[in-house]
Amino acid sequence: MVAGDTTTSVDLVVIGAGPGGYTAALRGARNGLEVLLVEKETVGGVCVNHGCIPAKALIHAAGFQKDIQHWNDIGIRTGNVDVDFQAVQAWKNDVIQRLSDDILQRLDNHGVAYREGTARFLDSNTISVARDDDVETVTYDSAIIATGSQPLEIPGLEFDHQGVISSREILQVQEVPDEIVVVGGGYIGMEAVTKFSKFGSHIKVVEARDRVLCMFEEEVVDSIQETSSELYDTEIYTSAWAKTVEYEDGTPVLVVEQDGEILRLSGDYIIVAAGRDTTSTLESLGLENTAVEMDSEGFVETDDRMQTTDENILCVGDAAGQPFLAHVAYREGDVAGGVAAGEDIAFDNEYIPAVMFTDPEVAVVGLTEAEVREEYGDTRIGIVPLSVSGRALSANKSAGYVKVVAAPDEQLLGVQIVAARASDMIAEATLALELDATLDDITSTIHAHPTFPEALADAAEAAQVGSIHPP
Ligand SMILES: Cc1cc2nc3c(=O)[nH]c(=O)nc-3n(C[C@H](O)[C@H](O)[C@H](O)COP(=O)(O)OP(=O)(O)OC[C@H]3O[C@@H](n4cnc5c(N)ncnc54)[C@H](O)[C@@H]3O)c2cc1C
C-alpha cells in the first residue's frame, strides 16, 4: 500500500455513513460546504443495514400468525400458511436496498462526494482513506467522526460466526432456527425474541440482572409479559451469568451459572446481545494524531455542539456516547453539520424518546411516576387502557395502556405507552414535553377520531380529573 496516491481537499470530511454521518454531510452541504463522506462498509450504517430497519422488517413479517388468527376469528378464512423464510429475507434485503439507494440519491442531489474506504486521522487537518491498495490523502477544515458501534464481545463468549453470533448475524439467517439462546435481556435481545418466537423458534434468554428490560419501569415490563404470548413461551433466566460456550455434537451449549448452580442451555445459535462497543473502531482511527480526548466512559468527549477537544473535529452518534439510538445520531449529525458550517446551534433537546418494538410496543419519554414523586413530592397521574379506544378495539390491538405523569401544577413531565402503535404515539408526547405543554394543552388539542393518539388526550384528562374510564 502506498501512502498518499492522491490528495483531495474539502471543507468538511465525515467519517461513517450511518444516521449521524450522512445527516451531518447533508446539513453541511446544504450550508454550501464542499463535503466528502467516507464509509468502509455500506451507506446507512448499522441502522439501515444491520439494526433498526432489518430488525423491524422481520418483526413486521413475524406478525403474520397473529394477524391470520385474527382474520379467521372474524370470518375471513385463510388456507394453509406456508412461510418461505428465504423470500422473507429477500424482501427485507430489498427494503434495505431501497433505503440505501435513497440515501445515496439524496447525497448526490446535495453534491456530497461519497467514498468507499477506511478513514484514519494523520493529523488534525488530514485523514487517509484506504481502499484495497489505494490510499487517498484528504485535507479538510472540519471533520466529523460518526463511526458508530459494534456488538460487544464478551470474554468466554467470543463470536465464532457459526454457533455464537451477534445481533447482526441473526438478522441474516436463511432458515428459522428451532432453538435460540439469547444472552442479554435488553431491547435488542428482546426484539429478537419478538420476531423469532413468532416465526416458531423456542427461545431462552439469559440476563445477569434480576429482570429483563431494566431500562424500562417494572410495570411496563409486567404489562408486556402479561399480554405477550411469545414472552410467555420464552424461558427467561434472570440473575444468571453466561460463562462460556461449549460444543456438543456440533451444537453450541451455553454454560450459565444461576443461584450457585450450573445450567447448560443449547440452541442452534447463541446470540450475544449484551451491549455495544465503540472502542475497537475508535482505537484504529488514529485519534492519537489529533487533540481528540476520550471521556471517563471511553467515548469521544464532546460538548453540546458536538465539538471534541480538537477544534477541527466534531463527533456524533454512538461514538459520542449513550444513548445508542438512531434518532439521537440523526439530531447530533444535524447539529454537527450546521456547526461545521458556522451555524450557531447546539444539541439542546431535553427529551429523548425510547421505543421497543415488542408486541405490544413500548415507548417512553420524560420522567416516570417514581422520578416525579421524588422530585416534586406529589404527582398527577392519568392511565387509560387501550381497551376503551374505539380505534384500538376495531383494529384488534387493544392490549396496553397510556400513562401520563404531570407535576401537581399540571405541567406535563412524562408519558409511558404500551400499545400496538406506541412508537408512533410517542411523537406527540415528545413534542408536548419539548414545548413545555400542560395537561390542558393536550386535552384542548383536537385529536382526530377514531385514532390511537386519542388515548393520550384521555390519559391527560384522567390526570386532571381522575379516572375517566372504569378500570
Ligand atoms: C439490532 C439493532 C436494532 C436497533 N434498533 C434501533 C431502533 O429501533 N431505533 C433506534 O433508534 N436505534 C436502534 N438501533 C441503534 C442504531 O442502529 C444506532 O444507534 C445507530 O445506527 C447509530 O448511528 P451512527 O451514525 O452513530 O453509527 P452507525 O450506524 O453504527 O454507522 C457508523 C458507520 O461508520 C462506518 N465506519 C466506522 N469506522 C470507519 C472508518 N474508520 N472509516 C470509514 N467508515 C467507518 C461503519 O462501517 C458504519 O457504517 C439498533 C441497533 C441494533 C444493533
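Provided above is the structure to which this section pertains.
Residues numbered from 1 in each chain as written. Predicted model: local features only at pLDDT ≥ 70, side-chain atom pairs only at ≥ 80, totals over all residues. Heavy atoms only, no water.

Colleague: Honestly, the overall build of the protein in this entry has me stumped. Any pointers?
Modeller: Assigned secondary structure in the protein consists of 16 helices and 22 strands. The C-alpha radius of gyration of the protein comes to 24 Å, within 12% of the 23 Å expected for a compact globule of 471 residues. Principal-axis analysis of the C-alpha atoms places the extent of the protein at approximately 70 × 65 × 50 Å. For the protein, the proportion of its 471 residues judged to be buried stands at 49%. (Helix = DSSP H or I, 4+ residues; strand = E, 2+ residues; numbered from the N terminus. Rg over C-alpha atoms; globule rule 2.2 N^0.38 Å. Buried < 20%, exposed > 50% of the residue type's maximum accessible area, 1.4 Å probe, protein only.)

Colleague: Explain the site of the ligand here, please?
Modeller: Around the ligand sit 37 residues, and of these Gly20, Glu39, Lys56, Asp318 and Ala326 come closest. The separation between an oxygen atom of the ligand and a polar main-chain atom of Gly20 is 2.9 Å. A distance of 3.2 Å is found between an oxygen atom of the ligand and a side-chain nitrogen or oxygen belonging to His327. When the ligand is considered free in solution it has 1000 Å² of accessible area, and contact with the protein chains removes 95% of it. (Near = heavy atom within 4 Å. Polar contact = N/O pair within 3.5 Å; in protein donor to acceptor, adjacent residues only side chain to side chain. Areas by Shrake-Rupley, 256 points an atom, 1.4 Å probe, with all protein chains shown as cover.)

Colleague: Quick question: what am I supposed to make of a negative patch on the surface here?
Modeller: On the surface, a cluster of negative charge is contributed by Asp210, Glu218, Asp222 and Glu226. Relative to the helices and strands, Asp222 resides in helix 8 (residues 218–227). (Patch = residues over 30% accessible without salt bridge, like charges linked within 9 Å, V, L, I, M, F, W, Y side chains within 5 Å. Salt bridge = Lys/Arg side-chain N within 4 Å of Asp/Glu carboxyl O. Lys, Arg positive; Asp, Glu negative; His and termini not counted. Charge placed at Lys NZ, Arg CZ, Asp CG, Glu CD.)

Colleague: I keep staring at helix 8 and nothing clicks. Help me out?
Modeller: Structurally, the α-helix is built with 3.6 residues per turn, so residues lying three or four positions apart point the same way. The set of residues buried in helix 8 consists of Val220, Val221, Ser223 and Ile224. One side of helix 8 holds all its buried residues, which, seen down the axis, span an arc of 155 degrees. (Arc of directions from axis to C-beta.)

Colleague: I'm lost on the pairing of strand 2 (residues 35–39) in this one. Help?
Modeller: Along a regular strand, successive side chains alternate from one face of the sheet to the other. Judged by how many residues are buried, strand 2 sits mostly within the fold: 5 of 5 residues are covered. With burial as the criterion, each face of strand 2 is covered, one bearing Val35, Leu37 and Glu39 and the other bearing Leu36 and Val38. In this sheet, strand 2 lies alongside strand 1 (residues 6–15) in parallel orientation, the contact comprising 4 bridges. Bridge pairing links Val13 to Leu36 in strand 2. (Pairing = 2+ DSSP bridges.)

Colleague: Any chance you could explain helix 5 (residues 85–109) here in plain terms?
Modeller: Taking 1.5 Å as the rise per residue, helix 5 with 25 residues should run 36 Å; its terminal C-alpha atoms sit 36 Å apart, in good agreement. Of the positions making up helix 5, those classed as buried are Phe85, Val88, Gln89, Lys92, Ile96, Ser100, Ile103 and Leu107. Here the buried face of helix 5 lies against helix 1 (19–30), strand 2, helix 2 (45–50), helix 3 (52–62), strand 3 (113–116) and helix 7 (187–199). (Expected span 1.5 Å × (residues − 1). Contact = heavy atoms within 4.5 Å.)

Colleague: Hey, could you run me through the nonpolar core in this one?
Modeller: Among soluble globular proteins, nonpolar side chains are generally buried collectively. Counting residues in hydrophobic clusters, the biggest one holds 50 residues, and the most contacted among them are Val13, Leu107, Phe121, Ile127 and Ile145. If you look at the next biggest cluster of nonpolar residues, it comprises 31 residues, including Ala419, Ala432, Ala437 and Ala460. (Core = buried A, V, L, I, M, F, W, Y, C linked by side-chain atoms within 4.5 Å.)

Colleague: I would appreciate a short explanation of the side chain of Glu332 in the present structure.
Modeller: Considering the arrangement of structural elements, one finds Glu332 in helix 11 (residues 326–340). Although Glu332 lies buried, it forms no salt bridge, and the closest oppositely charged side chain, Arg331, sits 9.0 Å away as judged by the N-O distance. Contacts of Glu332, omitting those with residues within four sequence positions, involve Met306, Val316, Gly317, Ala320 and Phe347.

Colleague: How should I be thinking about the sheet that holds strand 22 (residues 412–419) in this particular structure?
Modeller: Two pairing modes exist for strands in a sheet, parallel and antiparallel, and in both the strands are linked by backbone hydrogen bonds. The 5 strands lie next to each other as 18-19-22-21-20, forming an open sheet whose pairing is antiparallel. A single partner strand is all that each edge strand has here, and the edge strands are strand 18 (354–356) and strand 20 (380–385). Averaged over all pairs of adjacent strands, the angle between their axes in this sheet comes to 10 degrees, without regard to strand direction. Judged from the 6 bridges that link them, strand 21 (residues 401–406) and strand 22 form a sheet pairing that is antiparallel. Paired with Val402 across the strands is Ile417, a residue of strand 22. (Axes fitted to C-alpha atoms, helices over the stretch in contact; angles between N-to-C directions.)

Colleague: Even after reading the chapter, I still don't get the packing of aromatic side chains, so can you show me in this structure?
Modeller: What characterises a pair of aromatic rings is the spacing of the ring centres plus the angle enclosed by the ring planes. In total, this model carries 6 aromatic pairs according to the counting rule given. Summarising the aromatic geometry, the rings of Tyr22 and Tyr330 are spaced 6.0 Å apart at their centres and angled 80 degrees between planes, so their arrangement reads as edge-to-face. In this pair, Tyr22 is assigned in helix 1 and Tyr330 in helix 11, connecting sequence segments 308 residues apart. With a relative accessible area of 5%, Tyr22 lands in the buried category. Take Tyr330: its relative accessible area is 30%, and that puts it in the partly exposed class. Both rings, one in Phe64 and one in Phe199, keep their centres 5.8 Å apart while their planes meet at 35 degrees; by these two values the pair is tilted. Here the residue Phe64 occupies a position in helix 4 (residues 64–73), and Phe199 occupies one in helix 7, the gap between them amounting to 135 residues. Ring pairing ties together the aromatic residues Phe64, Phe85, Phe196 and Phe199, which thus form one cluster. (Phe/Tyr/Trp six-rings, centres within 6.5 Å; stacked < 30°, edge-to-face > 60°.)

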